[in-house]
Amino acid sequence: MKLLHTSDLLLGQEFAHCYQVADRVRAARMEALRTLLALAKKESADAIIVAGNLWADNRVGRPVIEEAGALLSKSEVPVYL
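Bear in mind that the values here come from a model prediction, so they are computed numbers and not experimental data.

## Regarding the nonpolar core
Move 1: Counting 16 residues, the largest nonpolar core has Leu11, Leu33 and Ile48 as its most contacted members.
Move 2: Secondary structure elements with two or more residues in this core: helix H1 (22–42), strand S2 (47–51) and helix H2 (62–73).
Move 3: No other element matches H1, which puts 5 residues into this core.
Move 4: Ignoring any residue separated from it by four or fewer positions in sequence, one finds leucine 11 in contact with Arg29, Met30, Leu33, Leu54, Trp55, Ala56, Val60, Val64 and Ala68.

## Observations concerning the pattern of salt bridges
Move 1: One pass over the full model with this rule turns up 8 salt bridges.
Move 2: Between arginine 59 and glutamate 14 there is a salt bridge, and its shortest N-O distance comes to 3.6 Å. Taken as a pair, arginine 59 in the loop between S2 and H2 and glutamate 14 in the loop between strand S1 (3–7) and H1 lie far apart in primary sequence, 45 residues in all.

## Brief notes about the side chain of threonine 6
Move 1: Locating threonine 6 in the fold gives a position in strand S1.
Move 2: Residue threonine 6 is classed as buried on the basis of its relative accessible area of 16%.
Move 3: When near neighbours in sequence (up to four residues on either side) are disregarded, threonine 6 contacts Leu36, Ile49, Val50 and Ala51.

## Remarks on the environment of alanine 38
Move 1: With respect to the helices and strands, the residue alanine 38 is situated in helix H1.
Move 2: With 12 residues separating them along the chain, alanine 38 and valine 50 place their C-alpha atoms 15 Å apart.

## Overview of the sheet that holds S2
Strand pairing in a sheet relies on backbone hydrogen bonds. The paired strands run either parallel or antiparallel.
Move 1: The 3 strands are arranged S1-S2-S3 in an open sheet whose pairing can be described as parallel. At either margin of the open sheet sits one strand with a lone partner, and together these are S1 and strand S3 (79–80).
Move 2: Where S1 meets S2, 5 bridges bridge the pair, whose relative direction is parallel. Opposite threonine 6, over in S2, you have valine 50 as the bridge partner.

Criteria and thresholds
Residues numbered from 1 in each chain as written. Predicted model: local features only at pLDDT ≥ 70, side-chain atom pairs only at ≥ 80, totals over all residues. Heavy atoms only, no water. Core = buried A, V, L, I, M, F, W, Y, C linked by side-chain atoms within 4.5 Å. Buried < 20%, exposed > 50% of the residue type's maximum accessible area, 1.4 Å probe, protein only. Helix = DSSP H or I, 4+ residues; strand = E, 2+ residues; numbered from the N terminus. Contact = heavy atoms within 4.5 Å. Salt bridge = Lys/Arg side-chain N within 4 Å of Asp/Glu carboxyl O. Pairing = 2+ DSSP bridges.

In structure tokens form, the structure reads like this:
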């Protein structure tokens with residue numbers, strides 16, 4: 001069985017310490033999720049395990065949740081959170 005593991009994606013994090021580029025950093029995190037899903041498919045993984053914190057905190061906005069949900073639901077490899 002081939003598993004792809006990641007943890008602590010912290011989607012939606014505010015990045016107050018680098019507020020000038022925070023939007024770009026948040027977008028890069030979402031792009032990392034897209035890359036992870038593509039890699040799992042390319043490598044014929046049997047499952048993706050996302051451990052740790054998927055979200056930055058409980059104040060993550062609905063658009064972030066919906067975007068991540070859409071990506072995860074379209075994954076050709078089963079994803080376990």
